[in-house]
Amino acid sequence: MENPSHSCTRYPESFPDFGDDVVFDYFGPYTIKDGCKEIKLYGCIFTCLASRAIHLEPAVSLEMDSFIHALRRFIARRGHVIRMFSDNGTNFVGAERELFSNISQEQIK
């Protein structure tokens, strides 16, 4: 008896880049048990406005540093984007200020 041929879709090793416009926000918290203690984890969702594809990154807190780490992991995996949109959360506003100050310092050098 012959095996029927199955068509399968193979995905490339690297995922395609997101489009030019991305929206992001936090969700959670989720309580995770780590040994004897419970810790809170949050998620950061990035959504492409062109394809509606999503990308999820874990975040350990709602602080600005945690968001910047999640953003760096997103850009490393999905590539650069042109415009990013979010609500006016204090962590996002602080991250925007921090990123723009770093960009302007790099341009001065």
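Up top is the structure these notes are about.
Analysis parameters
Residues numbered from 1 in each chain as written. Predicted model: local features only at pLDDT ≥ 70, side-chain atom pairs only at ≥ 80, totals over all residues. Heavy atoms only, no water. Helix = DSSP H or I, 4+ residues; strand = E, 2+ residues; numbered from the N terminus. Contact = heavy atoms within 4.5 Å. Buried < 20%, exposed > 50% of the residue type's maximum accessible area, 1.4 Å probe, protein only. Polar contact = N/O pair within 3.5 Å; in protein donor to acceptor, adjacent residues only side chain to side chain. Pairing = 2+ DSSP bridges. Axes fitted to C-alpha atoms, helices over the stretch in contact; angles between N-to-C directions.

(A) Representation of the overall build of the chain within the structure. Summing up its helical and strand segments, the chain has two helices and four strands in all. Here the analysis covers contacts within the chain between residues at least 6 apart in sequence; of these, 52% occur between residues at least 24 apart.

(B) Local environment of the side chain of E57. Position of E57 among the secondary structure elements: in strand β3 (residues 54-59). Residue E57 is classed as buried on the basis of its relative accessible area, which comes to 10%. Of the polar contacts made by the side chain of E57, one reaches the side chain of R73; its length is 2.7 Å.

(C) Focus on the side chain of S61. For S61, the location among the structural elements is in the loop between β3 and α1 (64-78). At a separation of 3.3 Å, a polar atom in the side chain of S61 contacts the main-chain amide nitrogen of E63. Ignoring sequence-local partners within four residues, the contact set of S61 consists of Y26, Y42 and S66.

(D) A look at the sheet that holds strand β1 (residues 21-34). Reading across the sheet, the four strands line up as β3-β2-β1-β4 and stay open at both edges, with mixed pairing between neighbours. One side of each edge strand has no neighbouring strand; the edge strands of this open sheet are β3 and β4 (83-85). In this sheet, adjacent strand axes meet at a mean angle of 30° when their direction is disregarded. Relative to β3, strand β2 (residues 37-48) runs antiparallel, the two sharing six bridges.

Read these as layout, nothing more, since geometry by itself doesn't imply function.
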